[in-house]
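Below, each chain spelled out in residue letters.
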Amino acid sequence: MQDWLNIALPKGRLGEKAYGLLERLGCGCPQMLENNRKLIFENEATHVRCFWAKPSDVAIYVERGAADIGIVGKDILLEYEPDVYELMDLGIGKCSMMVAGLAGTQLTADKTLKVATKFPNIAARYFGGQSREIEVIKLNGSIEIAPLLKLSDVIVDIVETGATLRENNLEVLATIQPISARFIANKAGYKFHYAQIEALLQGLRAILEEKL
Ligand code: PRP
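Analysis parameters
Residues numbered from 1 in each chain as written. Predicted model: local features only at pLDDT ≥ 70, side-chain atom pairs only at ≥ 80, totals over all residues. Heavy atoms only, no water. Phe/Tyr/Trp six-rings, centres within 6.5 Å; stacked < 30°, edge-to-face > 60°. Buried < 20%, exposed > 50% of the residue type's maximum accessible area, 1.4 Å probe, protein only. Lys NZ or Arg CZ within 6 Å of the ring centre and 35° of its normal. Near = heavy atom within 4 Å. Polar contact = N/O pair within 3.5 Å; in protein donor to acceptor, adjacent residues only side chain to side chain. Areas by Shrake-Rupley, 256 points an atom, 1.4 Å probe, with all protein chains shown as cover. Helix = DSSP H or I, 4+ residues; strand = E, 2+ residues; numbered from the N terminus. Pairing = 2+ DSSP bridges. Core = buried A, V, L, I, M, F, W, Y, C linked by side-chain atoms within 4.5 Å. Contact = heavy atoms within 4.5 Å.

A. Quick peek at the packing of aromatic side chains. Tallied over the full model, the rule gives five aromatic pairs. Seen in terms of ring centroids, Tyr190 and Tyr194 are 5.4 Å apart; in terms of plane orientation they differ by 70 degrees. Their pairing is edge-to-face. With relative accessibility at 45%, the residue Tyr194 sits in the partly exposed group. Taken together, the aromatic side chains of Tyr85, Tyr190 and Tyr194 make up a single cluster linked through ring pairs. Here the basic side chain of Lys38 rests over the ring of Phe41, its NZ or CZ set 5.9 Å away from the ring centre.

Listed below in structure tokens is the structure:
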């Protein structure tokens, strides 16, 4: 009997796309898309067990082996640097990590820059690489409000369509790096479930090639 493969999927924008890939691989758990309070879903046929988690928690579940594999944005991997295998760029959830601020904001080096962000490590590495002094203000959401109300000079955040910046008179000041969803695996889980995980990767490769 095959062992259960535990899969952590990110709640939010990326979640439905990530689930769509699993479904195409025949590993979907249809109840996951229903409006219910259930937390863990099983696909008896493929012995796959899926659950939704906050994106940053996906990395924790996978790193600690509670989930064998997961789908998570590169932003989370860059910020938390979990000790996991990053096995594939899934090419979904594409966006960019940007520095943004009020139109015309100068990134001058004559004062400590106040940076509001959900990603303090990414911000510190980026500005540290430019030998810039910053003060990080860690927020948990709606980061764009910070420069509007002068909590910060700039933000470091994900930009996908650019709508949030546009609708709040903010603009991109610098691009840090492109982001997309990654397939990650727990290091021991990868060895233990090698055949099952490799079959999933092969299926994903076929789906990605189809899209080209
Ligand atoms: C993300 C990000 C931006 C927004 C960018 O926030 O932090 O606020 O999406 O997307 P856009 O370029 O398409 O407008 P999210 O919606 O995940 O919620 P949050 O602000 O609560 O973090």
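From this point on, the discussion continues.
B. Looking closely at the site of the ligand. Looking at the ligand, there are 13 residues lining it, with Lys118, Glu144, Asp157, Thr161 and Thr164 nearest. Within the side chain of Arg13, a nitrogen or oxygen atom sits 2.9 Å from an oxygen atom of the ligand. Here Glu144 contributes a side-chain N or O atom positioned 2.6 Å from an oxygen atom of the ligand. When the ligand is considered free in solution it has 500 Å² of accessible area, and contact with the protein chains removes 73% of it. Within the residue set of the shell around the ligand, elements represented by two or more residues are strand 9 (154-159) and helix 6 (163-166).

C. Spotlight on unusual backbone geometry. A positive phi angle, near 60 degrees, is found at His47, a position not held by glycine. For Asn169, which is not glycine, the phi torsion reads 55 degrees and is therefore positive.

D. Expanded view of the pairing of strand 3 (residues 48-53). Bridging between strand 1 (residues 5-10) and strand 3 involves six bridges; their strand directions are parallel. Within strand 3, the position partnered with Ile7 by the bridge is Cys50. Pairing geometry for strand 2 (residues 40-43) and strand 3, over four bridges, is antiparallel. Within strand 3, the residue paired with Asn43 across the bridge is Val48. Here strand 2 hands over to strand 3 after four residues, with His47 in that stretch at a positive phi of 60 degrees.

E. Seen up close, the nonpolar core. In terms of nonpolar packing, the biggest core is built from 28 residues, with Ile7, Leu9, Ile69, Leu90 and Phe183 touching the most fellow members. Among the nonpolar cores identified, the runner-up in size contains 16 residues, and Met97, Val99, Ala123 and Tyr126 belong to it.

F. Summary view of the side chain of Asn6. Residue placement: Asn6 occurs in strand 1. We classify Asn6 as buried; its relative accessible area is 16%. Within the local environment of Asn6, its side chain forms a polar contact with the backbone oxygen of Ala66, the two atoms lying 3.1 Å apart. Excluding its chain neighbours within four sequence positions, the residues that come into contact with Asn6 are Arg49, Ala66, Ala67, Asp68 and Ile69.

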